Amino acid sequence: MGLTTQDVLKQARLFNPQVIGITSTTPVFNNVLRLSAVLRREFDDAVFILGGAHATACPEDVLDSGLFDIAVIGEGEETFKELLVSLSGSKKDGLEHIKGIAFKKNGRVVIAEPRPTIGSLDSIPKPARHLLPPLRAYHPTPASYRKLPLAVIMTSRGCPNSCTFCDKSVFGDKFRKRSAANVISEVEEVISKYGAREIRFFDDTFTIDRSHVESICKEMKKINIGWTCLTAVNYVDKDILAMLKDSGCWQVLFGLESGDDFILEKLKKGNTVQDNRKAVNWAYNAGLRVRADFLVGSP
């Protein structure tokens with residue numbers, strides 16, 4: 001997006017926020033700290049809340065920074081809503097009773113009871129894209145798209161795999177999926193309302209549930225738009241890859257991670273170099289382009 005700290009500050013001044021919520025992964029946490037320090041100086045009476053992967057994995061680190069009042073741990077939709085209701089009464093009133101957060105009390109970090117993962121993903125409203133910059137303002141990863149604007153959609157959450165390098169603390173181990181009808185309604189919305197010309201399904205492993213994929217592919221074929229997805233070699237076969245291609249998918253991204261079986265075993269990938277080769281060849285034979293993720297510097 002290319003927004004500077006001053007751009008963010010200028011927007012914040014337009015409505016003088018009482019609550020400032022930020023999400024962060026670990027690699028960008030230092031940037032978030034710098035931004036938050038600037039916002040703190042301007043809006044010190046506001047309640048600062050951090051969510052996302054870093055807050056979930058390291059809530060103490062977040063709160064010890066002195067810039068945040070509350071960390072949201074895990075999925076944030078229900079937790080953040082409950083937080084806003086509580087904060088609308090009096091600042092930090094009743095935080096002890098809100099699941100899925102961490103905060104400081106008398107200088108000590110308090111981690112509340114975990115909030116269960118959301119059972120029905122269809123209950124979550126669609127992203128409020130009307131509050132965000134237009135899709136054309138975003139710059140996707142090179143070689144990951146053919147047409148712009150590109151819309152990113154997630155159809156599921158949770159991963160049952162045990163790769164050693166992956167943090168699953170936000171969405172958990174249990175695979176949960178949206179209904180095909182719910183997914184397709186979002187696809188149709190981003191096309192008709194926001195001008196998307198391509199879709200990227202950003203699930204950790206899009207093909208983990210065969211019936212789920214079949215239902216979505218059946219509907220995507222009717223819509224006739226190009227799309228891509230992320231998946232894993234141990235969740236594809238010739239038939240699934242051919243089905244993806246037939247419904248408009250033109251590229252799959254595999255997490256291959258390494259070209260060495262010893263490393264793959266240490267990473268607990270659950271597949272071998274030969275499995276990787278086989279899946280890539282299946283994809284090429286189905287007419288799909290292939291991108292791959294690799295880890296550099298694995299022990």
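Residues numbered from 1 in each chain as written. Predicted model: local features only at pLDDT ≥ 70, side-chain atom pairs only at ≥ 80, totals over all residues. Heavy atoms only, no water.

Participant: Got a sec to walk through the overall build of the chain? Specific residues and values, please.
Facilitator: Counting secondary structure elements, the chain contains ten helices and twelve strands. Charge centroids of the chain, computed over 40 positive and 36 negative side chains, lie 4 Å from each other. (Helix = DSSP H or I, 4+ residues; strand = E, 2+ residues; numbered from the N terminus. Lys, Arg positive; Asp, Glu negative; His and termini not counted. Charge placed at Lys NZ, Arg CZ, Asp CG, Glu CD.)

Participant: So what about the layout of surface pockets? Which residues, and what values?
Facilitator: When its volume is computed, the second largest pocket comes out at roughly 370 Å³. Lining the second largest pocket we find 16 residues, and of these L135, Y138, L150, A151 and V152 sit closest to its centre. Among the elements that make up the lining of the second largest pocket, the one with the highest residue count is strand β6 (residues 150-153) (three residues). Taken together, the residues of the lining of the second largest pocket break down into twelve nonpolar, two polar and two charged. (1 Å grid on protein atoms, 1.4 Å probe; cavity = no way out; pocket = protein on both sides within 12 Å on 5 of 7 lines; lining within 4 Å. Points joined across faces, edges and corners; volume = space filled by probe spheres on them. Nonpolar A, V, L, I, M, F, W, Y, C, P; charged D, E, K, R; others polar.)

Participant: Quick one: what's the story with the environment of S24, residue by residue and with numbers?
Facilitator: Tracing the chain through its elements places S24 in the loop between β1 (19-23) and α2 (29-42). The buried category is assigned to S24, whose relative accessible area is 2%. With 51 residues separating them in the primary sequence, S24 and E75 have C-alpha atoms 13 Å apart. If we ignore the near neighbours within four places in the chain, the residues touching S24 are F29, V32, L50, G51, G52, A53, H54 and A55. (Buried < 20%, exposed > 50% of the residue type's maximum accessible area, 1.4 Å probe, protein only. Contact = heavy atoms within 4.5 Å.)

Participant: Residues and numbers for empty space enclosed by the protein, please.
Facilitator: Considering all chains together, one arrives at one cavity of 30 Å³ or more under this definition. Space inside the largest cavity adds up to approximately 30 Å³. The wall of the largest cavity is formed by S156, G158, C159, F175, D204, T205 and I208. Residues of the lining of the largest cavity, tallied by class, amount to three nonpolar, three polar and one charged.

Participant: Which residues make up the sheet that holds strand β3 (residues 70-72), and what values go with them?
Facilitator: Read across the open sheet, the five strands follow the order β1-β2-β3-β4-β5; overall the sheet is mixed. Looking at which strands have only one partner, the edges of the open sheet turn out to be β1 and β5 (108-111). Across the sheet, the mean angle separating the axes of adjacent strands is 20° when strand polarity is ignored. The pairing of β1 with strand β2 (residues 47-51) spans five bridges and is classified as parallel. (Pairing = 2+ DSSP bridges. Axes fitted to C-alpha atoms, helices over the stretch in contact; angles between N-to-C directions.)

Participant: Pulling in residues and values, what's your account of helix α5 (residues 77-87)?
Facilitator: For an α-helix the count is 3.6 residues per turn, leaving residues at separations of three or four pointing the same way. Of all the residues in α5, the buried ones are T79, L83, S86 and L87. Relative to the axis of α5, the buried residues are bounded by an arc of 90° and lie together on one face. Opposite the packed face of α5, turned more than 90 degrees from it, sit the exposed residues K81 and V85. Those residues of α5 that are buried are in contact with β1, β2, β3 and β4 (101-105). (Arc of directions from axis to C-beta.)

Participant: Account for the state of the cysteines, naming residues and giving values.
Facilitator: According to the stated counting rule, one finds zero disulfides in the structure shown. With no disulfide partner, C163 has as its closest neighbouring cysteine sulfur the one in C159, 6.5 Å distant. Under the relative-accessibility criterion, C163 is labelled buried at 17%. Counting only cysteine sulfurs, C249 is the nearest neighbor of C229, a cysteine outside any disulfide, at a range of 4.4 Å. Using a relative accessible area of 2% as the deciding quantity, one classes C229 as buried. (Disulfide = S-S within 2.5 Å.)

Participant: Now, about the packing of helix α6 (residues 180-192) against helix α7 (residues 210-223): what can you tell me, with residues and values included?
Facilitator: Relative to each other, α6 and α7 sit at 30°, their axes nearing to 9 Å. When the axis of α6 is compared with that of α7, the two are roughly parallel. Considering only the axes of α6 and α7, their crossing is right-handed. Contacts between α6 and α7 involve A180, V183, I184, V187, E188 and I191 from the former and S215, I216, E219, M220 and I223 from the latter. The residue inventory of the contact of α6 with α7, partitioned by class, reads eight nonpolar, one polar and two charged. (Parallel < 35°, antiparallel > 145°, perpendicular 65-115°, else oblique. Left-handed = near helix turned anticlockwise from the far one by under 90°.)

Functional significance is not addressed by these values, which are geometric in nature.
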